[in-house]
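This is what each chain is made of:
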Amino acid sequence: MIRSRLRKTPVPGTRDSYTGIDFNLGYHIRHYRLELDYKVAPNHLRAVATLSLDNYQELKQLTLDLASHLRVTEVSARGIGAVEVTVARFRHANAKLRITFDDPIPVDQEFELTIRYSGNPRPVRSTWGTIGWEELSNGSLVASQPCGAHSWFPCDDTPDEKATYEFLITADSPYTVVANGALDSKSVKGSRTTWRYHTNHPMASYLATVQVGQYKLIELDGSKTPIHAYVPPAVIPGFRNDFADQGAMLELYSKLYGPYPFASYTVVVTEDELEIPLEAQGLSIFGANHAKGDKDWERLIAHELSHQWFGNSLGLAQWDDIWLNEGFACYSEWLWFEHSTGKTAAESAREHYDVLASKPQDLLLAAPGAKDMFDDRVYKRGALTVHALRVLLGDEAFFAMVRSYVAAGRHSVVEPIDLLREARRAAEAAGVAVDKLDALWDAWLKKTALPEFPQ
Ligand SMILES: [Zn+2]
């Protein structure tokens, strides 16, 4: 079986074994400029996407991911420097936009593609239900993990290809539009407002997001990093209570993991209820049901924030490694409670270990497969693996190791070997036998049976 791990060696005709998406080969997208004209009531999008690319193979044609429910009306290209790039034709079918050039583009050129498209954006179906652009009762949201980005813009819908983004989004003025990165400007023309955001931090396509709703902006304190919240007026009282510790959480994780990776953190609470909170780069999205004022969701408020380090700044090279995101995010919940309530992470670990022990032990943490990618056992066994590392290394060496791993992978992608390398180094420095570490790693990641509880 050819695995996504071979992605860096372009092999025509291979696909991501998790998402089922055929790889787009031969190029990297470095920057997306997305101009979106959105009408809320008819849920209609008219858009121009300008993509800046370079190619590591000669290209007579290339493919992008774009859902078939959107209609492409025009594709043009522009070479940068001496190279001339012109589009001979394009074909959009089965969620692939195939662009053929008049002449092959020689290797290592820079060029731009401009794609005009329109339609009614909606989620795409996946193994994990529908994902991507979703209409709300009064607005819309985007939640694409792991491969829903192509439900609303043409992209290379794979986690390991990161790019910078610019958004120019126009909507009716009563609506607030939130996207990733910094809000640069807001300009009103007639009854409509254009919101301009940009981010210079590389981002995977699935973490790109647009949130549209009738929200009120609230600034949360308690942290040196600015925290913005967009909340429907009716939800504000409950929100203030439930998110009161958001700043303290951000400070705790900055201390434990190293500096917060982005310029600010944003929380959006939708008017609608959401089954689960959703992560995006620099922001998290919660439903009105997560901010009712009863502090029921504190665990997930901490969890989503920690994804800014684990999942967003440190991205994944392939979905096999989802435990690197969810294991650390789940462990972050336990660390928050250790800090805020005195319930130790070891106590949380023990509770969840006992639950895991009662469940089927047929899941391989190192490669859970598409169906079990978001299985709770991946989250909890991942967190227990992190806890086992902490127990083996001791607190001082463990947290220094995590900070080193986070700093090395910042704004990039990581693989388990990157964590193991740091752990080996930490073990050596702390005088812990490296073969003990290797045994721990094998038992938790590469075998299905639940190892003994780490203590
Ligand atoms: Zn998560």
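What you are looking at is a predicted structure, and each value in this text was computed from that prediction instead of being measured.

Engineer: Break down the domain arrangement of the protein chain for me, with residues and values.
Structural biologist: Per the domain assignment, the segments of the protein chain are domain 1 (4-211), domain 2 (216-308) and domain 3 (317-445). The C-alpha-based centres of domain 2 and domain 3 are spaced at 24 Å. Facing 21 residues of domain 2, the contacting portion of domain 3 comprises 19 residues. Both sides together, the interface formed by domain 2 and domain 3 hides about 1,600 Å², and carbon and sulfur atoms give 61% of it. The largest share of the area that domain 2 buries against domain 3 comes from L256, Y257 and H303, three residues that together contribute 36% of it. Of the charged contacts in the structure, one is a salt bridge between E333 and R299, with a shortest N-O distance of 3.1 Å. One can count 10 residue pairs in polar contact (both at pLDDT 80 or more) joining domain 2 with domain 3. Put simply, the parts of the chain that give the side of domain 2 that touches domain 3 at least two residues each are α2 (246-257) and α3 (298-306). No other element matches α2, which puts seven residues into the side of domain 2 that touches domain 3.

Engineer: Pulling in residues and values, what's your account of the sheet that holds strand β2 (residues 44-55)?
Structural biologist: The seven strands are arranged β4-β7-β2-β1-β11-β14-β13 in an open sheet whose pairing can be described as mixed. Only two strands of the sheet have a single partner each, and these edge strands are β4 (70-80) and β13 (182-189). On average, each strand axis in the sheet is tilted by 15° relative to the strand beside it, whichever way the strands run. Relative to β2, strand β1 (residues 27-39) runs antiparallel, the two sharing 12 bridges. Paired with I29 across the two strands is L53, which belongs to β2.

Engineer: Kindly report on the coordination of the zinc ion, identifying the contributing residues and their values.
Structural biologist: Think of it this way: four donors in a tetrahedron around the metal ideally sit 109.5 degrees apart, and six in an octahedron ideally sit 90 or 180 degrees apart. The protein atoms that coordinate the zinc ion are H303 (NE2), H307 (NE2) and E326 (OE), at distances of 2.1 Å. In the primary sequence, the donor residues of the zinc ion line up as H-x3-H-x18-E. Residue H307 is located in the loop between α3 and β21 (314-316), and its partner E326 is located in helix α4 (residues 322-340); the two are separated by 19 residues in the primary sequence. Classification of H307 by relative accessible area gives buried; the value is 1%.

Engineer: Please provide a residue-by-residue account of the packing of α4 against helix α5 (residues 345-357), values included.
Structural biologist: Where α4 meets α5, the axes come as close as 8 Å, and the angle between the chain directions of the two elements is 135°. Judged by the angle between their axes, α4 and α5 are oblique. Between α4 and α5, the contacting residues are Y331, W334 and E338 on the first element and A345, A346, S348, A349 and H352 on the second. Tallied by class, the residues present in the contact of α4 with α5 amount to five nonpolar, two polar and one charged.

Engineer: How would you sum up the sheet that holds strand β17 (residues 227-231)? Please name residues and give values.
Structural biologist: Ordered in space as β16-β17-β18-β20-β19, the five strands form an open sheet in which the pairing is mixed. Looking along the sheet, the strands with just one partner apiece sit at the ends: β16 (216-220) and β19 (278-280). The mean angle between the axes of side-by-side strands here comes to 20°, regardless of whether they run parallel or antiparallel. Relative to strand β18 (residues 265-270), β17 runs parallel, the two sharing four bridges. What sits directly across from H228, in β18, is T266.

Engineer: So what about helix α7 (residues 395-409)? Which residues, and what values?
Structural biologist: With 15 residues, α7 ought to run about 21 Å at 1.5 Å a step, and its terminal C-alpha atoms sit 21 Å apart, in line with that. The set of residues buried in α7 consists of A397, F398, F399, M401, V402, Y405, V406 and G409. In the core, the buried residues of α7 are packed alongside α2, β21, α4, α6 (376-393), β22 (412-414) and α8 (416-430). Within two residues after α7, H411 carries a phi angle of roughly 55°, on the positive side.

Analysis parameters
- Residues numbered from 1 in each chain as written.
- Predicted model: local features only at pLDDT ≥ 70, side-chain atom pairs only at ≥ 80, totals over all residues.
- Heavy atoms only, no water.
- Domains from an automatic or database assignment.
- Contact = heavy atoms within 4.5 Å.
- Buried area = accessible area lost by both parts, 1.4 Å probe.
- Salt bridge = Lys/Arg side-chain N within 4 Å of Asp/Glu carboxyl O.
- Polar contact = N/O pair within 3.5 Å; in protein donor to acceptor, adjacent residues only side chain to side chain.
- Helix = DSSP H or I, 4+ residues; strand = E, 2+ residues; numbered from the N terminus.
- Pairing = 2+ DSSP bridges.
- Axes fitted to C-alpha atoms, helices over the stretch in contact; angles between N-to-C directions.
- Donors = N, O, S within 2.8 Å, 3.2 Å for Na, K, Ca; no water.
- Buried < 20%, exposed > 50% of the residue type's maximum accessible area, 1.4 Å probe, protein only.
- Parallel < 35°, antiparallel > 145°, perpendicular 65-115°, else oblique.
- Nonpolar A, V, L, I, M, F, W, Y, C, P; charged D, E, K, R; others polar.
- Expected span 1.5 Å × (residues − 1).

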